[in-house]
Amino acid sequence: STEDSGSRRPPLAGERTELLDQDGLPIIRIDRSALAQPPPSRPGLPVKKNHPETPMLKHLKDLIAFRDRPLTMAEYMKEVLVHPTCGFYMTHDVFGEGGDFTTSPEISQMFGEMIGVWCVYVWHQLGRPEKVQLVELGPGRGTLMADLLRSTACFPDFERALEVSMVEVSGPLRRLQWRGLKCGPA
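The rules behind each value
- Residues numbered from 1 in each chain as written.
- Predicted model: local features only at pLDDT ≥ 70, side-chain atom pairs only at ≥ 80, totals over all residues.
- Heavy atoms only, no water.
- Helix = DSSP H or I, 4+ residues; strand = E, 2+ residues; numbered from the N terminus.
- Buried < 20%, exposed > 50% of the residue type's maximum accessible area, 1.4 Å probe, protein only.
- Contact = heavy atoms within 4.5 Å.
- Patch = residues over 30% accessible without salt bridge, like charges linked within 9 Å, V, L, I, M, F, W, Y side chains within 5 Å.
- Areas by Shrake-Rupley, 256 points an atom, 1.4 Å probe, with all protein chains shown as cover.
- Salt bridge = Lys/Arg side-chain N within 4 Å of Asp/Glu carboxyl O.
- Core = buried A, V, L, I, M, F, W, Y, C linked by side-chain atoms within 4.5 Å.
- Axes fitted to C-alpha atoms, helices over the stretch in contact; angles between N-to-C directions.
- Left-handed = near helix turned anticlockwise from the far one by under 90°.
- Nonpolar A, V, L, I, M, F, W, Y, C, P; charged D, E, K, R; others polar.
- Arc of directions from axis to C-beta.

**Q** Account for the overall build of the protein chain, naming residues and giving values.
**A** Each helix and strand counted, the protein chain has eight helices and two strands in total. Of the regular secondary structure in the protein chain, the N- to C-terminal order runs α-α-α-α-α-β-α-α-β-α. Looking at the protein chain as a whole, 23% of its 186 residues are labelled buried. Restricting to contacts in the protein chain with at least 6 residues of sequence separation, those with at least 24 account for 57%.

Spelled out as structure tokens, the structure:
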């Protein structure tokens with residue numbers, strides 16, 4: 001046979017060829033040549049050098065050194081978003097025109113109102129249970145919940161069954177939610 005003699009015949013038209021390892025399994029090759037290379041610089045773009053070390057960068061470097069290992073993606077995101085003194089959500093109001101982004105509830109109250117109507121519909125579909133939990137994660141200013149509660153106020157049975165929980169790590173945002181939802185004394 002030609003394979004025993006070390007020579008290979010040329011592949012036939014349409015025939016799949018693959019390299020096999022010593023166990024006869026296909027060898028998969030991935031071209032990684034472009035992964036480690038930075039993209040070529042484009043003329044006219046400014047080159048930024050020597051950025052000053054921000055408090056967050058210093059904190060991340062110190063944390064990595066202290067732990068003697070890289071941060072997981074979850075650890076990194078937690079630090080950059082909710083670190084008490086330099087986290088993104090902890091240092092300034094990020095929502096709306098003066099912030100970094102706008103969410104649907106900040107654009108129109110109809111978003112929260114429609115979700116409120118949907119909640120009442122689902123509550124009915126569930127047989128109108130005595131208690132229903134509504135949990136909002138990362139409620140921002142509380143605008144969505146305020147709109148939702150306003151739209152469901154005309155359904156007194158639903159309103160009585162509703163237990164609302166808002167999960168927020170930012171103290172300043174919790175205070176905004178408290179005021180926005182007109183909560184009683186703490």
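**Q** Tell me about a nonpolar patch on the surface, and please be specific about residues and values.
**A** A grouping of Met-73, Tyr-76 and Met-77 is seen on the molecular surface, where their side chains present a nonpolar patch of about 300 Å² in accessible area. Its place among the elements puts Met-77 in helix 2 (residues 73-82).

**Q** Any details on the nonpolar core? Residues and values, ideally.
**A** Judged by nonpolar contacts, Cys-119, Val-120, Trp-123, Val-132, Leu-134, Met-145, Leu-148, Phe-158, Ala-161 and Leu-162 together constitute the single largest core of 10 residues. Looking at this core, the elements that each hand over two or more residues are helix 5 (109-125), strand 1 (132-137), helix 6 (143-152) and helix 7 (156-161). Here the element with the most residues in this core is helix 5; it accounts for three residues. The residues touching Ala-161, leaving out its near neighbours within four places in the chain, are Trp-123, Pro-129, Glu-130, Lys-131 and Val-132. Counting five residues, the second largest nonpolar core, distinct from the first, contains Met-56, Leu-60, Leu-63 and Leu-71.

**Q** Tell me about the pattern of salt bridges, and please be specific about residues and values.
**A** Under the criterion given, the structure shown has 10 salt bridges. Ionic pairing is found between Glu-75 and Arg-67, a salt bridge with its closest N-O pair at 3.0 Å. Residue Arg-67 is classed as partly exposed on the basis of its relative accessible area, which comes to 31%. A salt bridge links Arg-160 to Asp-157, with the shortest nitrogen-to-oxygen separation between them at 2.3 Å.

**Q** Describe the packing of helix 1 (residues 55-67) against helix 2, and please don't skip the residues or the numbers.
**A** At their nearest, the axes of helix 1 and helix 2 sit 11 Å apart, and the two run at 145° to each other. Considering the relative orientation of helix 1 and helix 2, their crossing is right-handed. Of helix 2, the residues touching helix 1 (which contributes Met-56, His-59, Leu-60, Leu-63 and Arg-67) are Glu-75, Tyr-76, Glu-79 and Val-80. Among the residues forming the contact of helix 1 with helix 2, the class breakdown is five nonpolar, one polar and three charged.

**Q** An account of helix 2 is requested, with residue identities and associated values reported.
**A** Among all positions of helix 2, only Glu-75, Glu-79 and Val-80 are buried. For helix 2, the buried positions fall inside an angular range of 120° around the axis, keeping them on one side. Seen from the open side of helix 2, the exposed residues pointing more than 90 degrees away from its buried face are Met-73, Ala-74 and Lys-78. Along its buried surface, helix 2 packs onto helix 1 and helix 3 (88-91).

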